[in-house]
Protein chains: 2
Amino acid sequence: MGLIRSWVESANAPDHPFPLNNLPCGVFSRHEAKPRCGVAIGDCVLDVAALEERGLLVLPGGPLMDVPVWNKVMQAGPQVWAAVRARLLEMLGEGSGERAAVEPHLVPLAEVALQMPFLVSEYTDFYAGRHHATNVGTMFRGAENALPPNWLHIPIGYNGRASSVVVSGTAVRRPWGQVKGPDHALPAFQPSRRFDIELELGAVVGTPSVGPVTVAEADAMIFGYVLLNDWSARDIQAWEYQPLGPFQAKATATTISPWIVTRAALEPFRCSTPPREVPLLPHLQEPGPMLYDIALEVGLTPEGGRETVIARTNYREMYYSAAQQLAHHTTSGCPMRTGDLLGSGTISGPAKDARGSLLELSWGGKEPIAIDGGTRSFIEDGDTLVLRGTCLGDGYAIGFGACSGQVLPALPDPYRRP
Amino acid sequence: MGLIRSWVESANAPDHPFPLNNLPCGVFSRHEAKPRCGVAIGDCVLDVAALEERGLLVLPGGPLMDVPVWNKVMQAGPQVWAAVRARLLEMLGEGSGERAAVEPHLVPLAEVALQMPFLVSEYTDFYAGRHHATNVGTMFRGAENALPPNWLHIPIGYNGRASSVVVSGTAVRRPWGQVKGPDHALPAFQPSRRFDIELELGAVVGTPSVGPVTVAEADAMIFGYVLLNDWSARDIQAWEYQPLGPFQAKATATTISPWIVTRAALEPFRCSTPPREVPLLPHLQEPGPMLYDIALEVGLTPEGGRETVIARTNYREMYYSAAQQLAHHTTSGCPMRTGDLLGSGTISGPAKDARGSLLELSWGGKEPIAIDGGTRSFIEDGDTLVLRGTCLGDGYAIGFGACSGQVLPALPDPYRRP
C-alpha cells in the first residue's frame, strides 16, 4: 500500500509524519480554549470533536468525543475504531465531496498546544529488550549472569506510576532521592546524579478485559502506540530496587508523545519477534507478527547548544511484543482497563550507538559519549532529550510526533523549610 | 475520652464496632437501588447522601456525596472532613433535636450490600513490618541476610495494581501463573499451589500532592484507614520477582474492608513507631506518634467448617508508619492523588501466632498449622479468610468491619479454548 492522498496538500509530502495513512489521535487546545480531541493530518489538526458535534461523524454509543481525552473512543472497541478511521479517510481523501464542510475544522498545528491524548488508568513498564537486559545485566551482574533465569520465559514487568505520566514538552525536574554509594556506610538524601532516559514504545489499552486473554485477544485490545521516555534515576534505583523493584527511581516522570498512532496505521509495518532461544509456554505464543518496524532515534540538546542524535534503533529489536506483555499481564486474572499504558522496556539494538539509555551508551558512566560541544555520561541540567519514531512506507512515512522533555535543575532541599 | 452516646441505642454498646466515636465511611446499596454514601452507626447505616440532598448536611464546594464513592469528600480536604464529623456528631448525639429529621435516613445494616467505599486511583504496597521482613528474609536468604541493606533506611515499596482491589465479600479465584520448582529445568503454567494472604492496613489518601511532602504533611493528607488483604501467590512470586519485583503474584485481588475509619476516629489510639535501630534521614523522621494501636486478627474457615483464628497481632508492630511511607512516596516528585491506597506491608508480631501470612505461620509450608478439622500450609479451595481490626477505647471500641473473601477453585486452563 502506498500513500493515500488527501486534499490537505501538506499531508501528501512523502516524508511528512502525518499523511492520511496515519490519522493519529491527540488532544489539542488553541489559544485559551478548552482541550479537544483532534487528529493530525499534514500540517493541521482536524477538530474531530467539532465534526461529531455537527453530525459529520456519527458513532455508535456517541457522543464519544465530548470529553478532552480519547478514552471513550478507546473503550468503544475495534469496530468503532474502524468506523472512525473509515469515515476520516472518506472525508479527508482526495476528491472528497465533503471538503467544504470539513475544511473549517482544520487548525494549523503551529497554533495549538498538545495535551495528554488519554487519561492513563495504570502504567506498567516492561524489561523486554534482549540487548538492553543483556547490557544492564552485564554491568550489574557480569556477562555470565546477565539475563535473569526467568527472562527468556516471561516478559518481566513491574507496575509504574500513572500519575507521573506527562505529555511531550513538559519540563522534568531532576529528582531528589535516597542514594548510597558503594564506599559510603550510610545513605544520603540528595539530587540524582545519574538521571537517565529510557527509549520505549508505549502500548495503549483500548478495550478492557476480565480474566486471562490470549496473545491474539491482547493484540485486538490495543488501541495504538505512543513513544515513551521512562526517565530513570539510576543512583536512586541502585539503592532501592532490591528486593521489590524500582519505585521512586521511576516515579518522577514518564513522557509520552502527543499522538497515539493507531494499530490500523501501523498494520503495514508488522514484523515478527526474533526466533525464540527457548520455546515459550502456550499462553505466550504469538499467532502472527506482533512487533512493528519503527525506526527510532534519541536526540540530546544541551541548553543553548545543538542537537546530537545519540542513538538509533528500531522497535523490531524487542524480544517480546506488547500483545505478549498484555497477555502475560492478565494471567493472574488481573483486570485490564481502558487507558492502561504498557511500556515496552528500553529498546536497544546490538550496536553501540543503538542503545536506548545513557546508562548503556556511556557504559555506566565509564565511556562518556560525544555530543555537540562536550560529552555526556548522564543527563545534565538544561539538556533536552527527544525521542522520534518513523515507519517508512512505500512513498509515505508514519510519525508519532516528538517525545521531548527538558531537564530542569533540582529544587533546593525540599525538607529544609524556611 | 470515653463513649460518645447516641440516640441510636445499638451504637452505645461498649463492644459495638460502630459507636458515634467511629462514623466510618462506606457505600451501600439496598435492594436494587443505586449505591450511596453512608456512615455506619450502631446496627445501621446513615444515608448521608440523602442528608446532603435534603440540606441537612451542607458542605463547602458541595454537593460532595452525589457520587457513590467518597472521593469528592476525600479531595475536599481536612476542614471538610472535620465539618462532616462535627455535623454528624451533632445530629446523631444523644439528645439531638434533629432526631426526627435524621431517623428516616437510617437503614438497617442487615438490609444493605456494601460496595467499594472509594475509587482507587493507584495502589502501592509496602514491606514495612520488621517481623515479617525478618521472617521472609530468613526463609529465603538465611538469618544473617534476612533484612536487605536498605530496609532500615527506607520504607521499601512497590506499585501494585489498583484494578484488582475489591471490597470485602468478593470471591477470589485461585490464579494460574508461570511457576518453576527448584527441581525443574523449565517453568510450567499451572494454578498457584501456594496461595496466601497478607494481613495489612491500607491508608487512603485524601488530599493530593505535587512535589515532596514532609511526614507531618503526609499524615494530614490521609483521610482514613481500611483493613487490607493482599492476596499473594507465593509460587508465582518466587519465579517472577527477580529483578523487578512482584507482578502477577499480587495482581489477582487485594481485598479491603468496606468501611474507611477516619483519622479523626483513630486519633485517641495513636502510638509511636519502635525505636530506630539506625537513625533515619530527616525526610523520614516523624514529628510525633504516627502508628495506631489496632488489634488485628485473621480467621480461616474451611468450606462447611468452623472458623479458627490463625493469627493475632497489632498495627503498632510496624517499623514505618503510613505517613512515612507516603512522604517517601513523594521524594522523587511523584504526584499523589485522591484515592491512592497504600498497603502497610504484612503486619506480623514477634510471636509465632502473631504472623500475618500463611507463608510465615507455616514457615514456608514446613510447619502446617492446626485449623478446625485439619491443617493448613497455604489456602485451600473453599477457604474463607477474614481480617478483623479493633481499637479498644475507654468504654467503647472502634471497628473496621470484616475484610473477608472466599477462595474459589481455579478455572480450567484459560488457554485451552474449546
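Residues numbered from 1 in each chain as written. Chains lettered and ligands numbered in written order. Predicted model: local features only at pLDDT ≥ 70, side-chain atom pairs only at ≥ 80, totals over all residues. Heavy atoms only, no water.

**A few points about the environment of B:Glu94**
All names here are of chain B. Tracing the backbone shows Glu 94 in the loop between helix 3 (78-92) and helix 4 (99-102). For the pair formed by Glu 94 and Glu 9, sequence separation is 85 residues and the distance between their alpha carbons is 9.1 Å. Excluding residues that lie within four positions of it along the chain, Glu 94 makes contacts with Arg 5, Ser 6 and Trp 7. (Helix = DSSP H or I, 4+ residues; strand = E, 2+ residues; numbered from the N terminus. Contact = heavy atoms within 4.5 Å.)

**Some points on the relation of the copies chain A and chain B**
Note on the identical chains: chain A maps onto chain B by a rotation of 180° and an axial translation of 0.0 Å, with an RMSD of 0.0 Å. With respect to symmetry, the two chain copies, as superposed, fit the operation of a two-fold axis. Among all residues of chain A, the minimum C-alpha distance to the rotation axis is found for A:Gly245, at 2.1 Å. (Least-squares fit on C-alpha atoms with pLDDT ≥ 70 in both.)

**Overview of the pairing of strand 1 (residues 25-30) of chain B**
Residue and element names in this part refer to chain B. Counting buried positions along strand 1 gives 5 out of 6 residues, so the element sits mostly inside the fold. Where strand 1 and strand 5 (residues 112-115) come together, 4 bridges link them in antiparallel fashion. The residue bridging Phe 28 from the neighbouring strand is Leu 114, located in strand 5. (Buried < 20%, exposed > 50% of the residue type's maximum accessible area, 1.4 Å probe, protein only. Pairing = 2+ DSSP bridges.)

**Considerations on the sheet that holds strand 3 (residues 44-46) of chain A**
All names here are of chain A. If you trace the 5 strands from one edge of the open sheet to the other, you get 4-3-2-1-5, paired in antiparallel fashion. At either end of the open sheet lies a strand with only one pairing partner, and these are strand 4 (106-108) and strand 5 (112-115). Pairwise comparison of adjacent strand axes, ignoring direction, gives a mean angle of 50° for this sheet. Sheet analysis places strand 2 (residues 36-41) next to strand 3, joined by 3 bridges and oriented antiparallel. Note on strand 3: the bridge partner recorded for Ile 41 is Cys 44. (Axes fitted to C-alpha atoms, helices over the stretch in contact; angles between N-to-C directions.)

**A short note on the domain arrangement of chain A**
Residues and elements named next belong to chain A. Per the domain assignment, the segments of chain A are domain 1 (9-115) and domain 2 (123-408). Relative placement of domain 1 and domain 2: their C-alpha centres are 28 Å apart. Contacts between the two partners involve 28 residues from domain 1 and, on the opposite side, 27 residues from domain 2. With both sides pooled, the region where domain 1 packs onto domain 2 buries about 1,900 Å², and carbon together with sulfur makes up 70% of that total. Per-residue buried area on domain 1 facing domain 2 is highest for Cys 25, Met 74 and Trp 81; these three make up 28% of the total on that side. Where domain 1 packs against domain 2, one counts 0 salt bridges. There are 4 residue pairs in polar contact (both at pLDDT 80 or more) connecting domain 1 and domain 2. Breaking the side of domain 1 that touches domain 2 down by element, the ones donating at least two residues are strand 1 (25-30), strand 2, helix 2 (71-76), helix 3 (78-92) and strand 5. Broken down by element, the residue count for the side of domain 1 that touches domain 2 peaks at 4 residues, all from helix 2. Partitioning the side of domain 1 that touches domain 2 into residue classes produces 17 nonpolar, 9 polar and 2 charged. (Domains from an automatic or database assignment. Buried area = accessible area lost by both parts, 1.4 Å probe. Salt bridge = Lys/Arg side-chain N within 4 Å of Asp/Glu carboxyl O. Polar contact = N/O pair within 3.5 Å; in protein donor to acceptor, adjacent residues only side chain to side chain. Nonpolar A, V, L, I, M, F, W, Y, C, P; charged D, E, K, R; others polar.)

**A few points about the nonpolar core**
Counting residues in hydrophobic clusters, the biggest one holds 78 residues, and the most contacted among them are A:Tyr225, A:Trp231, A:Leu266, A:Ile294, A:Ile310 and A:Tyr315. Apart from the residues lying within four places of it in its own chain, the contact partners of A:Ile294 are A:Leu201, A:Leu266, A:Thr313, A:Asn314, A:Tyr315, A:Gly389, A:Thr390, A:Cys391 and A:Phe400. One finds B:Leu201, B:Ile222, B:Ala253 and B:Phe400 within the second-largest nonpolar core, a separate group that totals 77 residues. (Core = buried A, V, L, I, M, F, W, Y, C linked by side-chain atoms within 4.5 Å.)

**Some thoughts on the pattern of salt bridges**
A side chain with one charge may pair with a side chain of the opposite charge, provided their charged atoms come close. All names here are of chain B. All chains considered together, the criterion is met by 56 salt bridges over all chains. Of the charged contacts in the structure, one is a salt bridge between Arg 388 and Glu 297, with a shortest N-O distance of 2.7 Å. You can see Arg 388 sitting in strand 25 (residues 384-392) and its partner Glu 297 sitting in strand 20 (residues 295-301), a full 91 residues away along the chain. Arg 388 is the partner of Glu 307 in a salt bridge, and the nearest nitrogen-oxygen pair spans 2.7 Å. You can see Glu 307 sitting in the loop between strand 20 and strand 21 (308-314) and its partner Arg 388 sitting in strand 25, a full 81 residues away along the chain. Under the relative-accessibility criterion, Glu 307 is labelled partly exposed at 33%.

**Examining helix 5 (residues 130-141) of chain B**
Residues and elements named next belong to chain B. With 12 residues, helix 5 ought to run about 16 Å at 1.5 Å a step, and its terminal C-alpha atoms sit 15 Å apart, in line with that. In this structure, the buried residues of helix 5 make contact with helix 10 (358-361). One or two steps after helix 5, the chain reaches Gly 142, where phi turns positive at roughly 90°. (Expected span 1.5 Å × (residues − 1).)

**Describing the interface of chain A and chain B**
Think of interface size as the accessible area that goes away when the parts come together; that is how it is often given. Contacts between the two partners involve 60 residues from chain A, matched on the other side by 60 residues from chain B. Both sides of the chain A and chain B interface together cover about 5,500 Å² of buried area, and 58% of this is carbon and sulfur. When the buried area of chain A at its contact with chain B is split by residue, A:Arg161, A:Leu244 and A:Phe247 rank highest and sum to 15% of it. Where chain A touches chain B, the interface holds 28 residue pairs in polar contact (both at pLDDT 80 or more). Of all the secondary structure elements, the ones that give two or more residues to the side of chain A that touches chain B are strand 6 (123-126), strand 7 (157-159), strand 10 (176-179), strand 11 (188-191), helix 7 (234-240) and helix 9 (322-330) of chain A. Looking at which element gives the most residues to the side of chain A that touches chain B, the answer is helix 9 of chain A, with 4 residues. Taken together, the residues of the side of chain A that touches chain B sort by class into 31 nonpolar, 21 polar and 8 charged.

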